[in-house]
Each structure stands twice: as C-alpha cells, then as structure tokens.
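Listed below are the residues making up each chain.
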Protein chains: 2
Amino acid sequence: MKEIRIFSPATVANVACGFDVLGFCLDTIGDEMVIRKTDHKGIRITKIEGYNLPYEAEQNVAGVSALAMYNDLQPDCGFEIEIYKRIKPGSGIGSSSASAAGSVFGMNVLLGQPLNKTQLTYFAMKGEALASQCEHADNLAPAIFGGFTLVKSVKPLQILELPTPTDLYATLIHPQIEIKTADSRAILPEAVPLQNAIIQWANVGSLVHALHTSDYDLIKDSLNDVIIERFRKQLIPHFDAVKTAVLKAGALGCAISGSGPSIFALSKSKATAKSVEEAMKNVYSKTDILFETYVSKINTEGIRVI
Amino acid sequence: MKEIRIFSPATVANVACGFDVLGFCLDTIGDEMVIRKTDHKGIRITKIEGYNLPYEAEQNVAGVSALAMYNDLQPDCGFEIEIYKRIKPGSGIGSSSASAAGSVFGMNVLLGQPLNKTQLTYFAMKGEALASQCEHADNLAPAIFGGFTLVKSVKPLQILELPTPTDLYATLIHPQIEIKTADSRAILPEAVPLQNAIIQWANVGSLVHALHTSDYDLIKDSLNDVIIERFRKQLIPHFDAVKTAVLKAGALGCAISGSGPSIFALSKSKATAKSVEEAMKNVYSKTDILFETYVSKINTEGIRVI
C-alpha cells in the first residue's frame, strides 16, 4: 500500500463540565487527507484545498506532527500529504486537531502500524501546539480514539476511552465569527471558588458514570459547567438564547464547543437532534451572523481510512 | 417483626480526589444498634454503650434523624433505639453518619420498607446536620447504599452507586488526636487554582472509570488530591511519613479519611492491605500518639440486619 485517503473528523472538547479533559468525536464533519509514501525522503505537503494554509511542513500543523513522528521513526521513505480541508480553522470543533492527527494516523497505516493510538496522539500534539501555542490533547484524543475520551494527564500522556451510549447524537452551530484564542484564554480566571469546583467534579464523575450506564437522564443532569461557560459565553453572541431554545427542543445539554464560537448540544435520538438543529437555526436566522449547523452521530471509530 | 439488630458501618468520605462527593463503605468497623417497635408513640433512646452520648432524642444524631422520618411518616407506633457505639466520635470515619443512618434504616425495615435508600439518606442528613452543622451525605450515602457512592447533588439529593472492584481492601489508621470540625473547615481556601481544579476533576472522572473497569492501575493513578490534602494534612501529625510508608508497602493510594484525623489506604488484595497496616503501625508506634488500625474489605451491602 503506497497511498491512502482518510477521513479526519471534527471533535468537541470540554463537553460542558469537563474543561480541558473531556471530548467526543463527530461523524458528519471532517477533513479528508491523502497520505502517500514516496521514495524521496522527508515530508511534503503537495495539495491544500478548502482554506488557505501554509505549504511549508514546518508551518503547517499536519506537517509539524508528521515531521515529529518522521524524525522519531526515521523510516526509509518519505511522505506526501494532501489536505482537503472542510473544517473551518477557528470554528472550535478541532480543525487543527483533525489536520495534526490525520497526517500521523495515515503515515502509521502506511508504515504497518508501528505506533499505538496514544503514541500517535503524542506526535499529533506537536502539530496542535503550532496552532494553539500549547500541547494539549482534548480534541486530538477523540479524533484518534473515537467516541468519548478523557485526557487524564498530558505529561505523561494518559488517555481513557469512555463508552458511548448508542442513541446519542450531537447538534452543532458554528456562528461565523472569529474568537481569538488569546481572548478565550485571557477571559478565564486563574482561581475558581472551591464550591463551584466541587460541583464541577461531581458533574464530571457523574457524566463518566452516565456514559458507562447509558443513563440519558443522568447525562442530562451532568452536562453543566459552572466554571468556564459564564466567562466564555460573553464572546459568543446569542449563546443564552441558543441554549434556552435547544433545551426546550429536548436536548440533554448544550454548551460551548472547545473555546467556541461553535455551540454543541447532545440529544437522545436523531429526531431530537434534528429538532435541536431547527431551534439553533431559528435563533441565528434572526441575526445578521452567518452560520452553519450540523447533526452527527457520535463517531466511535475516530479517524478512518476511506 | 418487632425488633431488629443492625450493623451500621464506618465509612470513608472524599476518597482522595473526590472532596465532598465520593465515599466508600467499610466492613469490619461499625456500630450495632437495636431498633424496637413499641405501642407508645415517639422516639426513645433507651441504651447507649461505648461512648457518652446524649439520651434526649433531639440532642442525639440517631434520634434527630429518627424523629425527622417519624414526623414525616407518622406511623401508628413508636420506636426505641439502643446504640452500641464502636466508632469513636470525631475519628473521621463517619461515626455520626453510622448513628444517623442506622436509626432510619432500622425503622424502615420494621415498617415494611416504605422508603427507598435515597429517602433514608434524606432523613439521615437531618441527624448528620446536628453533628456537623450542615446537611451533607458523603458518609451517609456509602453507609446506606454500600460500596462506592457519588453524591451528585444534595439539593435535590442525588446519589450514584458506583461499582466496587472485587479485590479492593481498605486499611485505616486512627491516631487518637482531636481535630475540631471548625478547624478542618477553616483551613480550607475559598478559591482554588483553576489548573489544580482541572487535575482534580480529571482524577474524579478517571477514578469513576477505573471503578467501572476494575482497572487497579488506574485507581492508583487517580487517587490523588491536589486541592485539599495540602491544607488538612497540617492537622495530622506524621501524615507524610504514613503516606510514604504506605505507598512503599504497595498501597494503590493513601489520603485523609473525611476531615481526619484517620488516614486510609486502598490496596489490591487483603495481603497488601495487611502489609499496609504494618507500615502504618511502624510510623505511629515510634510516636507517643495512641492509635488504632483496621483492615476491611469494601462493604458493598452497607447497613445490614444481623
């Protein structure tokens, strides 16, 4: 096998209560990439479609993660990467993670799978760091492992695969506004009230339990963030209106996807997820902000060869 | 049935990372109580052995919880309560919870089980509040439900039963010193660094996952408290020495039981739990502080009729 085409999915980080640690993987939104083994050594990005991104491997997240893995493994070949970018950079649904994870996933397949998924995540984090100025894995882990993931720690890298209840669907709205990463970070407090932290870790614990027991009522009760949302929602116009409408439409929960501006909801059943999409559209179609919406089953496989 | 004798177990609250929400139930330490149905109405405490506690129902935690339930149900009978107190008050292993839970559990059995376990916990909290000046359930829930519990919220009261891996054993040491509840509260900060809170909720999430998957290595990795311990251990002489010795002896983790002064460890296998007990004894036998130690399987049943 000299060439593969892969689907590298969008992902949702934080998942309401699990700031910096929880994430899940989407199915209907993602990039495609072609990875090709070549005789001439090195990493080359030979095609980029969809968005205007740098071709220099050292300047491109997919290139940086590929180089990190390549320099470590030192294989007897090189690789060409084609990127068909569908996930808009800066949307808050793991655009850079899809690129960073896709290149190392594809190379690993072509090399006969010498690395496990945690090792792939490790190299992908090098690319992610180019985009976000720090090594984190809360979007990478669900992209590479699929389903729901908990990044227990980054150093050492420890990723837990959580179970995914069968009927869980995600709905997303991406308002086409720009939030600077620096702003979404700067708005967070350095310290939080202990009482709120207790509520948050009760929610994280109960969400993990709810995923294990497919308890949708408990998923609903657990999808609450009392720490981060109050700050970051200020950067997302109409967040409260969307959340209110979405919960009224039957969603189990609704929160900011990653650092925004995308907003996600989780629902039991595709039909409810579709109603939730309508509710989201209703709010934003009354504004002058352009938006995209998506409905997706939780993708339990993660990145896949297509 | 007019009279039953029950075993009301000691419990460990907080469980390292799960301050205010997690707890588990012990098997070899606990009070005994006799609950007797009588023709004359009301709640009477007719016997107390072991420690000097008030006989007036309104001044005794077992009496207060019993009265709360009695006044709500208004049964056509009264109850007498005998308390054979084995758990020293103020030891940090749920002494007041054992009393508060025992009376309502016993009355419920004699009345033909009109209440479920969450309802029993609700009434037991009224007694617990007499001892600790606030309504909480982190010792009551494991005493009543058995095993590991997560108190997701107090208002409304929502208790999750977590699975208990088969080979898990607890070791405890109770140094016979007094820590005033007011001191153990006052020493805690009102705000905590967000970065530490993230580590804490990653640990809570991974501990819940580890209990579901019987992953002892992950239990070990998760039993870490980066928020509370650093403050409260100042009130417990030789805490660091005990923890170091206990981990060296093979324990999965070691932390303060409740607000102390008891220290608990969890181990995989009874043999390791016994070695851990020796390690604890070695540290404290070199001091002039009196102490008791205990080894116990996790009690998955909770309070039981004997």
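Now for a description of the structure that goes with this document. Each chain carries its own residue numbering, running from 1 in the written order of its sequence. Chains carry letters from A onward and ligands carry numbers from 1 onward, assigned in written order. The predicted nature of this model means local features are confined to residues of pLDDT at least 70 and side-chain atom pairs, given and counted, to a pLDDT of 80 or more, with totals for whole chains, interfaces and linings taken over all residues.

## Observations regarding the interface of chain B and chain A
Next up, step 1: A pair of residues counts as a contact when their C-beta atoms, built from backbone coordinates, are separated by no more than 7 Å. Facing 28 residues of chain B, the contacting portion of chain A comprises 28 residues.
Next up, step 2: Helix and strand assignments come from DSSP, with helices taken as H or I runs of at least 4 residues and strands as E runs of at least 2, each series counted from the N terminus. Contributions of two or more residues to the side of chain B that touches chain A are made by strand E5 (148-153), strand E6 (158-162), strand E8 (191-193) and helix H6 (194-213) of chain B.
Next up, step 3: It is H6(B) that contributes the most residues to the side of chain B that touches chain A, 12 residues altogether.
Next up, step 4: A breakdown of the residues in the side of chain B that touches chain A according to their chemical character gives 17 nonpolar, seven polar and four charged.
Next up, step 5: Should DSSP find at least two bridges between two strands, the strands are taken to pair. Relative to E8(B), strand E8 (residues 191-193) of chain A is paired through three bridges, and the arrangement is antiparallel. Note on E8(B): the bridge partner recorded for A:Val192 is B:Val192. Three classes are used, and their members are as follows: Ala, Val, Leu, Ile, Met, Phe, Trp, Tyr, Cys and Pro are nonpolar, Asp, Glu, Lys and Arg are charged, and the others, Gly among them, are polar.

## A word on the sheet that holds strand E7 (residues 168-175) of chain A
Residue and element names in this part refer to chain A.
Next up, step 1: The strand order across the open sheet built from four strands is E9-E10-E7-E11, with neighbouring strands paired in antiparallel fashion. With partners counted over all chains shown, the strands left at the sheet margins are strand E9 (253-256) and strand E11 (291-297), one partner each. Adjacent strand axes in the sheet meet at a mean angle of 20°, parallel and antiparallel pairs treated alike.
Next up, step 2: Across six bridges, the pairing between E7 and strand E10 (residues 263-268) is antiparallel. The residue bridging Ile173 from the neighbouring strand is Ile263, located in E10.
Next up, step 3: What counts as an axis is a line fitted to C-alpha atoms, over the stretch in contact for a helix, and the angles between N-to-C directions run from 0 to 180 degrees. Along the sheet, helix H10 (residues 270-285) makes contact with E7, E10 and E11, crossing E7 at roughly 15°.

## Here we look at the pairing of strand E1 (residues 3-13) of chain B
All names here are of chain B.
Next up, step 1: For E1, the tally of buried residues reaches eight of 11 residues, placing the bulk of the element in the interior.
Next up, step 2: Sheet topology places E1 next to strand E2 (residues 22-38); 10 bridges connect them, and they run antiparallel. By the bridge assignment for E2, Arg5 is matched with Val34.
Next up, step 3: The pairing of E1 with strand E12 (residues 304-305) spans two bridges and is antiparallel. Residue pairing across strands places Phe7 opposite Arg304, the latter belonging to E12. Counting other C-beta atoms within 10 Å of each residue's C-beta, where C-beta atoms are placed from the backbone, gives the exposure class: buried for 20 or more, exposed for 12 or fewer, partly exposed between.

## With respect to the nonpolar core
Next up, step 1: For this analysis, nonpolar core means a set of buried Ala, Val, Leu, Ile, Met, Phe, Trp, Tyr and Cys residues linked through C-beta atoms within 7 Å. One finds A:Ala66 and B:Ala66 to be the most contacted residues of the largest nonpolar core, which totals 203 residues.
Next up, step 2: Ranked by residue count, the leading element in this core is helix H6 (residues 194-213) of chain A, at 10 residues.
Next up, step 3: Apart from residues no more than four positions distant in its own chain, B:Ala66 is found in contact with B:Ile43, B:Ala57, B:Phe79, B:Ile81, B:Ser103, B:Val104 and B:Met107.

## A word on the sheet that holds strand E10 (residues 263-268) of chain B
All names here are of chain B.
Next up, step 1: Spatially, four strands are ordered E9-E10-E7-E11 in an open sheet, and the strand pairing comes out antiparallel. Each end of this open sheet is capped by a strand with a single partner; those strands are strand E9 (253-256) and strand E11 (291-297). Across the sheet, the axes of successive neighbouring strands diverge by a mean angle of 20°, strand direction being ignored.
Next up, step 2: Relative to E11, strand E7 (residues 168-175) is paired through seven bridges, and the arrangement is antiparallel. Within E11, the residue paired with Pro175 across the bridge is Phe291.
Next up, step 3: Where helix H10 (residues 270-285) meets the sheet, it contacts E7, E10 and E11, and its direction lies at approximately 15° from that of E7.

## A few points about the relation of the copies chain B and chain A
Next up, step 1: Only residues with pLDDT of at least 70 in both copies count here: their C-alpha atoms drive the least-squares fit that superposes the copies. The operation relating chain B to chain A is a screw motion whose rotation component is 180°, with 0.0 Å of axial translation and a residual RMSD of 0.0 Å. On the angle and the small slide along the axis, the relation comes out as a two-fold axis.
Next up, step 2: With an isologous cut-off of 70% or more, the 100% of interface residues of chain B that recur at the interface of chain A puts this contact in the isologous class.

Worth remembering: the numbers are spatial, not functional.
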